[in-house]
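Structure assessment
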Amino acid sequence: MFDLLFTNPPFGSLIPIDDPTILSQYDLGHSWKNENGNLVMTNKIKTSVPPEILFIERCIQLLKPGGRMAIVLPDSILSNPGLKSVRNWILKYTQIIACVDLPLETFQPFVGAKTNVVFLEKKTKDRIQNEEKSVNEKHYDIFMACDYKIGHDRRGNPSYIRNSLGEEILIK
């Protein structure tokens, strides 16, 4: 068990996990259904799951209660309506501390995925149980930020700070 995890999982639809033996080991490897406005895990195993989704669950499992994690995630996990069960699972087991939206160029020229760095803290079992019993939703602050420049362009060429004349500003 770890106090801190910093990770950039492999992600992409070209490398799906489709082995039922592996998928059955994960909550997020199962199908979910809507029951009275709540998403509930079923016994049905999905046919395939992107690796980054299983990676999220495994990393959270490896954290100690109260442990913290920074994870690079594709934007789709935070915004795709079809991945609501993943977001709900994350919210059940962790508290989101911060989310930093990264520029599209972050992993270019090799990868063109839009990404975010999400900072999480694993909840204790007592906290999870108390929140499940509670009728009221728990609200808390989340630090949100957008990074607009990453230090290189989409081709991987360095970008420099320039003065009003267009000259590169060098810092000694």
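As shown above, the structure is provided for reference.
Residues numbered from 1 in each chain as written. Predicted model: local features only at pLDDT ≥ 70, side-chain atom pairs only at ≥ 80, totals over all residues. Heavy atoms only, no water.

A closer look at the packing of helix H2 (residues 51–62) against helix H4 (residues 84–93)
- Across the interface, H2 lies against H4 with an axial gap of 11 Å and an inter-helix angle of 10 degrees. What the angle tells us is that H2 and H4 run roughly parallel. Side by side, H2 and H4 meet where Ile53, Ile56, Glu57 and Ile60 of the first sit next to Val86, Trp89, Ile90 and Tyr93 of the second.
- Among the residues making up the contact of H2 with H4, the classes are represented as seven nonpolar, no polar and one charged. (Axes fitted to C-alpha atoms, helices over the stretch in contact; angles between N-to-C directions. Helix = DSSP H or I, 4+ residues; strand = E, 2+ residues; numbered from the N terminus. Parallel < 35°, antiparallel > 145°, perpendicular 65-115°, else oblique. Contact = heavy atoms within 4.5 Å. Nonpolar A, V, L, I, M, F, W, Y, C, P; charged D, E, K, R; others polar.)

Looking at the nonpolar core
- Residues Ile56, Met69, Val86 and Leu120 are the most contacted members of the largest nonpolar core, which totals 23 residues.
- At the level of secondary structure, the elements contributing two or more residues to this core comprise H2, strand E4 (63–74), H4, strand E5 (94–101) and strand E6 (115–122).
- Sorting elements by how many residues they give to this core places H2 first, with five residues.
- Leave out the neighbours within four places in its chain, and isoleucine 56 touches Ile71, Leu73, Ile77, Val86 and Ile90.
- Judged by nonpolar contacts, the second largest core, of five residues, contains Ala70, Val72, Leu102 and Val117. (Core = buried A, V, L, I, M, F, W, Y, C linked by side-chain atoms within 4.5 Å. Buried < 20%, exposed > 50% of the residue type's maximum accessible area, 1.4 Å probe, protein only.)

What to know about the packing of aromatic side chains
- Summed over the entire model, instances satisfying the criterion amount to one aromatic pair.
- Relative to tyrosine 93, the ring of tryptophan 89 lies with its centre 4.6 Å away and its plane at 45 degrees, an arrangement referred to as tilted. Placement of the pair is tryptophan 89 and tyrosine 93 together in helix H4, with a separation of four residues, close to one helical turn.
- Tryptophan 89 sits in the buried class, given a relative accessible area of 5%. (Phe/Tyr/Trp six-rings, centres within 6.5 Å; stacked < 30°, edge-to-face > 60°.)

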